[in-house]
Amino acid sequence: MTGEALTVNGEARTATGAALTVKGLSVRYRKTDPASPPALEKINFSLAPGEIMGIIGESGAGKTTLGLSLMKLHPPGLVQVEGEILFRGNNLLDLNEPEMNRLRGSGIGMIFQDARGSLDPALPVIRQVARSISHHRGKPKNDAMETAGATLSEMGVSPEILREAPFPHQLSGGLCQRAAIAAALACQPTILIADEPTSSLDTVSQARIVNLLQRERKARGLSIILISHDLPLVASAADNILVLSHGRVVEQGPARSIIETPQSDYTQSLLSSWRHLIA
Amino acid sequence: MDNLGTIPAPLPASPRGPAFFSGIRRQANENRLVAVGAAIALAIIIMAALVPLLPLADPLKPDYEVGLSAPSAAHLLGTDLHGRDQLSRVLWASRTSLTVGITASLVALIIGLVMGGAAGYGGRVADAAAMRIADAFLSFPVILGAIAFMAVFGPGIRNVFMAIAFFGWPVFARVFRSSVLSVREQSYVSASKGVGGGSFYIFRRHVLPNSVQPLIAYAAMSVAGAILIESGLSFINLGIQRPYPSWGLMLGEAMGQIDQAPWLLIAPGAAITITTMAFFLMGTGLSRKTDPRIQGRAHS
Amino acid sequence: MPISRFIFNRLLQLLAVILGTVTVLFIVLYLLVPGDAAQAMLGAKATPQALENLRHELGLDRSLPVQYGLYLWRLLHFDLGTSYELNRSVSSVILDYLPATAYLAGAALLLETLAGMAWGFLTAGRRSTRLDFLTTISGSLLLSTPVFFLGMVLQYIFGSRLGILPISGLGGYNPVYLILPATTLAAAQAVIVGTMARSSLELQMARPYFLAARARGLTHRQALVGHGTRNALGPVVTLLAIDLGALMGGAMITEIVFSWPGIGRMTYYAAQVRDVPLIIGSVVVLVAIFVTISTLVDIMYGWLDPRVRLGAISDG
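Every value quoted in this text rests on a predicted model; they were computed, and no experiment measured them.

**Describing helix H3 (residues 125–137) of chain A**
Structurally, the α-helix is built with 3.6 residues per turn, so residues lying three or four positions apart point the same way.
Residues and elements named next belong to chain A.
Part 1 of the reasoning: Helix length check: H3, at 13 residues, gives a terminal C-alpha distance of 18 Å against a target of 18 Å (1.5 Å per residue), a fit within 8%.
Part 2 of the reasoning: Regarding H3, the residues found buried are Val125, Gln128, Val129, Ala130, Ser132 and Ile133.
Part 3 of the reasoning: Each element contacted by the buried residues of H3 is listed here: helix H4 (141–154), helix H5 (159–164) and helix H6 (173–185).
Part 4 of the reasoning: Positive backbone phi, approximately 65°, marks Gly138, located one or two places after H3.

Listed below in structure tokens is the structure:
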């Protein structure tokens, strides 16, 4: 599903009703050094509602930068960004910071590799989720706490667990990631960017988290951008795959075709190193 | 560092690090700090050395006819209660403060090297013992200790040296010890040993170069701190004794006459501040160059 | 480790430091001093008979361990000896003057904390090398200015010239009298606190949870205030506790400049007349206070950090 046809005035309504469309996104890190290679160059893709798009590539290829750039969370002042990020009828690159802040969390959410690190160590987890809810949905504290508790339960962090282990450092990596997902999804975003969500977890927890994400995709119609260097994971979970190398899109398409019949040499080498390990 | 007399700690730089702006520019800044500090310090030292050659009034001779006179052509910085020329006293005092500051720091450095070396090279017992002692001294507010020291042993320049060295050595011991220990743990030391390098060789080739920069950095800070301690002690009459000129002493004597003779404050106060600052900047610049940076850049 | 073990460790450390300090003073007074301890304590008033009596009392005619034992025993009973110059027990003199110093030190601590935190908030995250440079220079300037110089300059400007603030005395605990001395004392320390606050906040800004908070839609300021500050307090609080010791020392000089009737000024007068028991006594008390407060703050901070209070479990 890579179809995209933009109307002339840039409206993001496409033939297939994409949740997110990225057109010609380029990101440079050093304003003062025009000769330095761009972090991202002319990225194009489109994300449909309920689609899981995997982004793969070796370390340093630009995967995390892409994730952060979609949220406009790159370090300010040192970045030159071109192109368009079309979401809910707006080009995100045209929005100012307050408008962008309203979208972060409630429009596009993000979870990170270091789940425990992504939670405030000094606050009980349920309070953190409740804060997100208050912030975006404007609920008063008690309501927010209740909703937080419910969301956490849905994600597999039951009230009993929270009673025993209210703080992030007391929870296992898998539980922390569930809590982080709860915090992200409690704001009811349309898109979730998952940056290496399972890379710090053991294999059993990995599978569980992926299942959780797929379940939520179905339940909420959530689109997920799954960034990972773990090829088998992306191969099994993603609908479409984007292959990134040195900040450029090398190949993109349905997951099956990318895995079985990769077109580019780079993709082939990525896949073969993986296959080599399991052969 | 607090200017209340503890041996100072450097002002840390922002931990954001070179990920956010050119690393080269930051290095240049640190070099600039060191350069400025060193230049001023050097200038002051040279001037202090040349003082006996300058055509100055006698700093010790009282002349009550001209007591407490404002700055004039005859006395560029005015005179104090006893009619002594301020300019001359300020310049002569620089010799005292610098001598005390630098010498006491050197003594502290040497003691620190010995103790730190013993801790680093000796067994775990020696290490633990030396460091416990060092910690005990480090947690002691230095100015209080110095005052107690002077009270018990009597004032005077020699005891000021000892007091400063007495409380100043732990910093050097710690720095040197950590250099020794970190070098010993490096793999290239085992490699050296493997090829037959003895302990002394390792010391010369690895430990010394590694530890020189932080030691100099702390030495500079120590001089800064020592100058403040000496002037503090002299201010309250427990340091350099009358009639010898010391910046602290001059300020102490000026205390009763601020209303009538405010000019008496400026020269010695500025002198202490500038001299201390010069050494402090040197120390800060040098110590930042050896500090690890925190990288904030995201990897993809 | 569980919190009780943590507290126990800290208290043990406290004891060790106090014991260490007291022992060092013992060594200085009984072993290193020229003449003997009795001589040092009686000073000018030393008649042969008085010396004999004191020597016997201190146990100087007995073995060293016994002397040490007697010394510790007296300290345990808060017997800090007698000031022969003033003809009073050292403890009573100290109790007379301690409140004024506590008042001054407390005010200075408050001032430097507020100023320091404000400075930290204003400068955290600003990435200009120029700002860094200016900050270092101005910070160094303030730190290099001796307390007494700053005090006298302030006295001249606000007292003599402008005549709007009182420049000496306690003023019966009227806060106006506190302004100049507390500012003098706090000025240099505020730089240190400010620098640490900035560092600490920036450290938190670099942590993953900060980015995650931004990703949830908090503005930079909201994330800093709502999450960063709490986590940044730790090093700042620790610094303040350590700083207390420096404050005690600086208070002495400030008290002299501003004629503040506290322990510092008392010790100064004691030093003038070589009233050794009083000096040693006040040093012991000040160090004990400082170290105790440090430890209490340390324990309190440890208790506040949930990772310390509840103990971390290993990853699952």
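Let's pick the thread back up.
**Side note on the nonpolar core**
Part 1 of the reasoning: Formed by 144 residues in total, the largest nonpolar core has its most connected members in Leu233(B), Phe235(B), Ile236(B), Leu251(B) and Tyr30(C).
Part 2 of the reasoning: Here the element with the most residues in this core is helix H7 (residues 199–235) of chain B; it accounts for 12 residues.
Part 3 of the reasoning: Excluding residues within four positions of it along the chain, Leu233(B) makes contact with Ala146(B), Ile147(B), Met150(B), Val160(B), Leu238(B) and Gly239(B).
Part 4 of the reasoning: Met155(A), Ala182(A), Ala194(A) and Leu213(A) belong to the second largest nonpolar core, which has 51 residues in total.

**A few points about the packing of helix H1 (residues 3–32) of chain C against helix H4 (residues 64–76) of chain C**
Residue and element names in this part refer to chain C.
Part 1 of the reasoning: Between H1 and H4, whose axes approach to 11 Å, the crossing angle comes to 125°. In terms of orientation, H1 and H4 fall into the oblique class. Relative to H4, H1 is oriented so that their crossing is right-handed. Seen from H1, the contacting residues are Leu19, Val22, Thr23, Leu25, Phe26, Tyr30 and Leu31; seen from H4, they are Leu64, Gln67, Tyr68, Tyr71, Leu72, Arg74 and Leu75.

**Here we look at unusual backbone geometry**
All names here are of chain A.
Part 1 of the reasoning: The backbone phi angle of Arg88 is positive, close to 50°, even though this residue is not glycine.
Part 2 of the reasoning: When you line up the elements, Arg88 lands in the loop between strand S4 (80–87) and strand S5 (90–91).
Part 3 of the reasoning: Residue class for Arg88 comes out partly exposed when judged on its relative accessible area of 48%.
Part 4 of the reasoning: Phi at Gln188 takes a positive value of approximately 55°, unusual for a residue other than glycine.
Part 5 of the reasoning: Locating Gln188 in the fold gives a position in the loop between H6 and strand S7 (191–195).
Part 6 of the reasoning: Classification of Gln188 as partly exposed rests on a relative accessible area of 47%.

Rules of the game
Residues numbered from 1 in each chain as written. Chains lettered and ligands numbered in written order. Predicted model: local features only at pLDDT ≥ 70, side-chain atom pairs only at ≥ 80, totals over all residues. Heavy atoms only, no water. Helix = DSSP H or I, 4+ residues; strand = E, 2+ residues; numbered from the N terminus. Expected span 1.5 Å × (residues − 1). Buried < 20%, exposed > 50% of the residue type's maximum accessible area, 1.4 Å probe, protein only. Contact = heavy atoms within 4.5 Å. Core = buried A, V, L, I, M, F, W, Y, C linked by side-chain atoms within 4.5 Å. Axes fitted to C-alpha atoms, helices over the stretch in contact; angles between N-to-C directions. Parallel < 35°, antiparallel > 145°, perpendicular 65-115°, else oblique. Left-handed = near helix turned anticlockwise from the far one by under 90°.

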